[in-house]
Amino acid sequence: MAGTTNRKRMLLWAAIDGAAISLLLTIASFVLIDNALVGVLALAATLILFSLFLYLSRSMNEPLTQPTTPVDVESGLPVHRVTGLHRWWVFRERAGSEIARAQRKSRVLAILLLEPGDLIAEPSHEAQLNAADVLRRAIRDGDYAAQFDDSRFVLMLPETAADGARAAANRLLSDLRSSGEPPMPWRAALVSYPMHGSNVDELMVQAQQVLQPGRLESSMRAS
């Protein structure tokens, strides 16, 4: 996108410079050279180049068309193009509300961040769909799963203590690892409110720090 803008900018300056030179040639042809044909041709070139300048300047100021984001028909909220799960910011808003409720009622809440165990190869669309289906089948009423980014998922387990959340995470990881063909490695980080943070962002920072050693190891293997 930046390359296209730079090319347009170069054409823009070339057009205005060419129009200025053609205009000077037009004046010179009538005043100094006294050649009407050269003057008419130079004037035509001036008009063409100036029109090109106006067109390019207008097109550069037009907003770029952004690709449409698919939305959930029932809620109207944006979803991931491949998996159909709600996007991260939707999860963030909902998790924030659940944490506020847990704070009022002195409850706990667990969040699970899941990612492919090997970062060398990005998961295929089929693998993403398969993982999303496993998530949908595994969650209980009240749990909430979403897409953290293009390859990672996030799951909220309201009113779930550490032991129960750990058991649920182990079952989910087992299902994810065995559901693909060929089987795909997965890893997860489990964090809890209020033990690991007082809001969604603090909890997610902790979860990503837990996964960071594995991500570094995968990156080193890829380099």
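Model, not experiment: these values are computed from the prediction.

With that out of the way, let us pick up the packing of aromatic side chains. Under the defined criterion, the tally for this structure stands at four aromatic pairs. In textbook terms, an aromatic cluster arises when at least three aromatic residues are bridged by ring pairs, as seen for Trp-88, Phe-91, Tyr-144 and Phe-148. Of note, Arg-94 hangs over the ring of Tyr-144, and the distance from its end group to the ring centre comes to 4.1 Å.

Moving on to the nonpolar core. One recurring pattern in soluble globular proteins: nonpolar side chains tend to sit buried together. Counting 21 residues, the largest nonpolar core has Phe-91, Ile-111, Leu-113, Val-154, Met-156 and Met-204 as the members making the most contacts within it. Mapped onto this core, the elements with two or more residues apiece are helix 3 (88-105), strand 1 (109-116), strand 2 (144-147), strand 3 (153-158), strand 4 (186-193) and helix 6 (200-222). If near-sequence neighbours (up to four positions away) are discounted, Met-156 is found in contact with Phe-91, Arg-94, Ala-95, Glu-98, Leu-109, Ala-110, Ile-111, Asp-143 and Tyr-144. The next biggest cluster of nonpolar side chains, apart from the first, holds 20 residues, and it includes Ala-127, Ala-131, Leu-172 and Leu-173.

Summed over the entire model, instances satisfying the criterion amount to ten salt bridges. Between Glu-159 and Arg-101 there is a salt bridge, with its nearest N and O atoms 3.4 Å apart. With Glu-159 in the loop between strand 3 and helix 5 (162-179) and Arg-101 in helix 3, the pair connects residues that are 58 residues apart, well separated along the chain. Given the relative accessible area of 43%, Glu-159 is considered partly exposed. You can call Arg-101 partly exposed: its relative accessible area is 26%. Its salt-bridge partner being Arg-107, residue Glu-159 comes within 2.9 Å of it at the nearest N-O pair.

Trans is the common state for peptide bonds, and a negative phi is the common state for residues other than glycine. In this structure, the amide linkage connecting Tyr-193 to the following residue, Pro-194, adopts the cis form with an omega of 5 degrees. Tracing the backbone through its elements, the reader meets Pro-194 in the loop between strand 4 and helix 6. Look at Ser-106: it is not a glycine, yet its phi comes out positive at around 55 degrees. Tracing the backbone shows Ser-106 in the loop between helix 3 and strand 1.

A few words now on the confidence of the model for the protein. Within the protein, residue pLDDT values average 79, and 63% of them lie at 70 or more. Here residues 60-67 scores under 50 on pLDDT; set against residues more than four positions off or in separate chains, the count is five contacts.

Along an α-helix, residues three or four apart share an orientation, since each turn contains 3.6 residues. With 18 residues, helix 5 ought to run about 26 Å at 1.5 Å a step, and its terminal C-alpha atoms sit 25 Å apart, in line with that. Looking at the buried side of helix 5, the elements it contacts are strand 1, helix 4 (125-138), strand 3 and strand 4.

Taking 1.5 Å per residue as the helical rise, helix 4 with its 14 residues ought to reach 20 Å, and the 20 Å between its terminal C-alpha atoms agrees with that figure. Among all positions of helix 4, only Ala-127, Gln-128, Ala-131, Ala-132, Val-134 and Leu-135 are buried. The buried side chains of helix 4 occupy one side of the element, clustering within an arc of 155 degrees when seen end-on. In helix 4, the exposed positions angled more than 90 degrees off the buried face are occupied by His-125, Glu-126 and Arg-137. Along its buried surface, helix 4 packs onto strand 1, strand 2, strand 3, helix 5 and strand 4.

Definitions and cut-offs
- Residues numbered from 1 in each chain as written.
- Predicted model: local features only at pLDDT ≥ 70, side-chain atom pairs only at ≥ 80, totals over all residues.
- Heavy atoms only, no water.
- Phe/Tyr/Trp six-rings, centres within 6.5 Å; stacked < 30°, edge-to-face > 60°.
- Lys NZ or Arg CZ within 6 Å of the ring centre and 35° of its normal.
- Core = buried A, V, L, I, M, F, W, Y, C linked by side-chain atoms within 4.5 Å.
- Buried < 20%, exposed > 50% of the residue type's maximum accessible area, 1.4 Å probe, protein only.
- Helix = DSSP H or I, 4+ residues; strand = E, 2+ residues; numbered from the N terminus.
- Contact = heavy atoms within 4.5 Å.
- Salt bridge = Lys/Arg side-chain N within 4 Å of Asp/Glu carboxyl O.
- pLDDT = per-residue confidence, 0-100.
- Expected span 1.5 Å × (residues − 1).
- Arc of directions from axis to C-beta.

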